[in-house]
Amino acid sequence: MATNLLRLTLPPPSSLHFRSGKFLDAKFSKRIFPRHRRSRIQRHGSKPSFLVSNSIEITTQSIESTIESVKPVASDDKPVLLDVSGMMCGGCVARVKSVLMSDDRVASAVVNMLTETAAVRLKPEVEEVVADAAESLAKRLTESGFEAKRRVSGMGVAENVKKWKEMVSKKEELLVKSRNRVAFAWTLVALCCGSHTSHILHSVGIHIAHGGFWDLLHNSYVKGGLAVGALLGPGRELLFDGIKAFGKRSPNMNSLVGLGSMAAFAISLISLVNPDLEWDASFFEEPVEEAQGNAAPVQRLADAIAGPFVYTIVSLSAVTFAFWYYIGSHIFPDVLLNDIAGPDGDPLALSLKLAVDVLVVSCPCALGLATPTAILIGTSLGAKRGYLIRGGDVLERLASIDCVALDKTGTLTEGRPIVSGVGSLIYEEQEVLKLAAAVEKTATHPIAKAIVNEAESLNLETPETRGQLTEPGFGTLAEIDGRLVAVGAFEWVANRFHKENDSSDVVKLENYLDRKLSSTSLTSRYSKTVVYVGREGEGIIGAIAISDCLRKDAEFTVARLQEKGIKTILLSGDREGAVATVAKNVGIESESTNYSLSPDKKFEFISNLQSSGHRVAMVGDGINDAPSLAQADVGIALKIEAQENAASNAASVILVRNKLSHVVDALSLAQATMSKVYQNLAWAIAYNVISIPIAAGVLLPQYDFAMTPSLSGGLMALSSIFVVSNSLLLQLHKSETSANS
């Protein structure tokens with residue numbers, strides 16, 4: 001028996017799996033890998049070395065090892081994932097990243113506000129234990145005002161579900177609080193707008209809204225009380241967060257809102273306690289309207305520019321004040337006749353009000369709402385319809401896809417193959433089936449399950465096996481009664497043994513199976529695959545025909561993708577004939593049909609497409625597709641039998657209802673969602689570009705038009721309402737495949 005590990009480097013294709021709890025001796029390993037096919041130990045290269053141990057556990061290769069076998073990670077990489085709370089916008093993100101990057105141990109850091117995480121990669125020379133480094137970094141962030149803790153990786157499904165439920169519970173609590181605050185805020189809006197309504201009605205000759213209640217609303221002290229209620233009620237967290245952000249030297253959108261609200265409140269308060277100034281105290285109403293936006297989410301563009309935006313707007317406000325107080329009121333003296341300058345034409349009142357206008361109207365709430373509202377509605381709508389899209393970045397990539405690669409077995413076909421024929425060169429057909437079922441007993445591929453199910457349906461007693469080994473995309477190998485038996489693709493099986501079969505025997509075997517298939521009731525909608533069975537010392541001894549029905553929506557899906565101008569490609573590890581038949585049936589051109597591909601070759605094919613400028617989505621269902629799903633711009637996995645598998649782990653989109661036509665729906669929804677995002681951003685940017693100069697008084701000299709802080713706040717609120725309403729229209733988006741899904 002072998003007492004040490006044998007390190008062997010396999011010729012491509014590799015990525016083999018052992019499935020045995022028994023010992024593998026050196027003689028067995030030599031029979032699996034003939035001497036002329038072995039090579040020297042590979043010290044540095046892209047192909048992983050293969051370890052043969054004298055005690056190997058039964059296991060299915062995880063997606064992590066599958067992907068790492070294709071894209072190896074340097075051994076000195078030390079990734080650390082931190083959960084970080086308290087981030088409100090891009091200024092916070094920048095601050096968190098700055099704190100992390102200031103640590104000498106950190107090589108790079110990626111901070112995501114939406115997921116509240118920070119992914120940190122330590123420098124290779126760091127000798128500290130990763131867990132200790134993570135705790136140290138989390139402590140530094142917590143001391144900087146962002147509570148952080150190390151995320152424990154490798155949690156099981158139960159832990160993930162528990163964490164998800166806790167997050168949902170927390171969100172629901174916040175939602176209840178937000179509802180109460182919004183209700184209170186709208187009450188304040190109604191009261192404050194009441195006085196404005198009476199003024200507007202009077203100006204057009206409608207003399208109503210008189211009396212004690214309306215007079216009470218016009219009272220400056222009542223307005224002041226309402227303003228205090230707005231600031232210390234719904235706007236309290238917004239105000240305090242903005243102040244804290246300034247204190248941390250990372251101002252966010254709340255800083256602008258809070259600054260504008262406080263400035264308007266201060267001017268009104270000065271006017272109220274100093275009536276001789278004769279300034280209008282109606283600014284009390286402005287911390288209106290702002291309270292409605294206190295829980296507004298932020299989006300990535302706003303995150304990127306939030307810090308500089310705040311400083312820029314504050315600077316513009318200061319410039320506006322300086323210009324009108326020292327220059328503008330002298331160059332354009334007529335502007336002092338405007339109501340905004342007060343009854344005495346006070347340049348100080350004019351300058352202060354215009355400066356506040358700039359602060360208030362430029363609050364980037366619309367920018368903050370533009371992306372997350374559309375992303376939230378888009379992903380929620382997808383989840384309701386049966387396609388789980390893992391994040392806004394996935395939606396963006398999915399919307400730009402111009403090429404879709406599809407697997408055959410389990411993707412274009414139902415994934416429930418059956419044995420439709422068995423052929424043998426030497427033994428009884430049932431003997432061939434028994435040997436194949438014994439070898440495939442622990443394999444997870446749909447074809448392996450079909451062979452095992454057929455043997456069980458015939459009540460065949462399968463022999464005991466030893467040292468099962470699977471090579472994804474090619475076949476399975478095991479020892480039975482002292483001899484190796486291989487089941488899989490023809491060339492792979494033939495290459496396992498020294499003995500070569502007479503080509504005429506193989507042709508006879510294939511012809512026999514073809515005749516058997518043609519005599520059955522299987523229609524052209526079935527995919528027909530042949531797997532070969534070989535035994536040590538004999539070579540190929542038989543073959544098994546496998547049939548799998550095409551999905552009902554396969555042809556529709558391919559046709560609809562092509563109508564959208566998306567290139568469709570078929571990638572399969574099956575033989576040429578079977579792949580060509582499926583491609584023809586679903587409408588994929590022959591030049592876009594690829595067969596006999598190993599998982600590594602599929603991965604390479606996807607990489608080449610990306611290198612040529614294509615944005616690629618890969619659709620698959622099993623472990624053979626995992627590397628390609630991970631490599632593609634967007635990996636789309638079908639959820640087979642409601643089980644989590646390697647494909648769903650690697651994919652960024654999961655079709656939970658196992659419907660291929662949902663690929664079309666997911667693409668359509670992604671495009672519609674990103675269209676809304678672009679519309680929202682265009683509106684938000686245009687609004688700021690136009691409103692800020694107007695608020696600064698650019699129309700005042702020629703058109704005698706100037707905003708008031710109340711009007712500025714109202715416009716800002718309306719811009720946010722427009723963005724939210726536009727995003728909500730996504731709910732009207734219709735499924736393109738409702739009749740076929």
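Here goes a summary of the coordinates provided. Model, not experiment: these values are computed from the prediction.

### Focus on the nonpolar core
Among soluble globular proteins, nonpolar side chains are generally buried collectively.
Here comes step 1: In terms of nonpolar packing, the biggest core is built from 50 residues, with Leu398, Val404, Leu412 and Ile636 touching the most fellow members.
Here comes step 2: Top element by residues in this core is helix α24 (residues 662-695). It accounts for eleven residues.
Here comes step 3: Val84, Val96, Val126 and Ala138 belong to the second largest nonpolar core, which has 23 residues in total.

### As for the environment of Asp548
Here comes step 1: Looking at the element boundaries, Asp548 is found in strand β15 (residues 539-549).
Here comes step 2: On the basis of relative accessible area, Asp548 is assigned to the buried category, the value being 5%.
Here comes step 3: There is a polar contact of 3.4 Å between the side chain of Asp548 and the backbone nitrogen of Arg416.

### Considering the environment of Ala650
Here comes step 1: Inspection of the secondary structure puts Ala650 in helix α23 (residues 646-650).
Here comes step 2: Residue classification places Ala650 among the buried residues on the basis of a relative accessible area of 16%.
Here comes step 3: Linking Ala650 and Ser628, residues 22 residues apart in sequence, is a C-alpha distance of 8.8 Å.

### A closer look at the pattern of salt bridges
Here comes step 1: Inspection of every chain in the model, using the stated rule, returns 16 salt bridges.
Here comes step 2: Its salt-bridge partner being Asp574, residue Lys408 comes within 3.1 Å of it at the nearest N-O pair. One end of the pair, Lys408, is in helix α14 (residues 408-412); the other, Asp574, is in the loop between β16 (567-571) and α20 (576-586), with 166 residues separating them in the sequence.
Here comes step 3: Salt-bridge contacts for Glu604 lead to Lys601; the nearest nitrogen and oxygen are separated by 3.8 Å. Of this pair, Glu604 and Lys601 both sit in helix α21 (residues 599-611), separated by three residues, roughly a single helical turn.
Here comes step 4: By relative accessible area, which is 45% here, Lys601 ends up partly exposed.
Here comes step 5: Each member of the salt-bridge network shares a partner with another, and the members are Arg560, Glu563, Lys564 and Glu736.

Procedures and definitions
- Residues numbered from 1 in each chain as written.
- Predicted model: local features only at pLDDT ≥ 70, side-chain atom pairs only at ≥ 80, totals over all residues.
- Heavy atoms only, no water.
- Core = buried A, V, L, I, M, F, W, Y, C linked by side-chain atoms within 4.5 Å.
- Buried < 20%, exposed > 50% of the residue type's maximum accessible area, 1.4 Å probe, protein only.
- Helix = DSSP H or I, 4+ residues; strand = E, 2+ residues; numbered from the N terminus.
- Polar contact = N/O pair within 3.5 Å; in protein donor to acceptor, adjacent residues only side chain to side chain.
- Salt bridge = Lys/Arg side-chain N within 4 Å of Asp/Glu carboxyl O.

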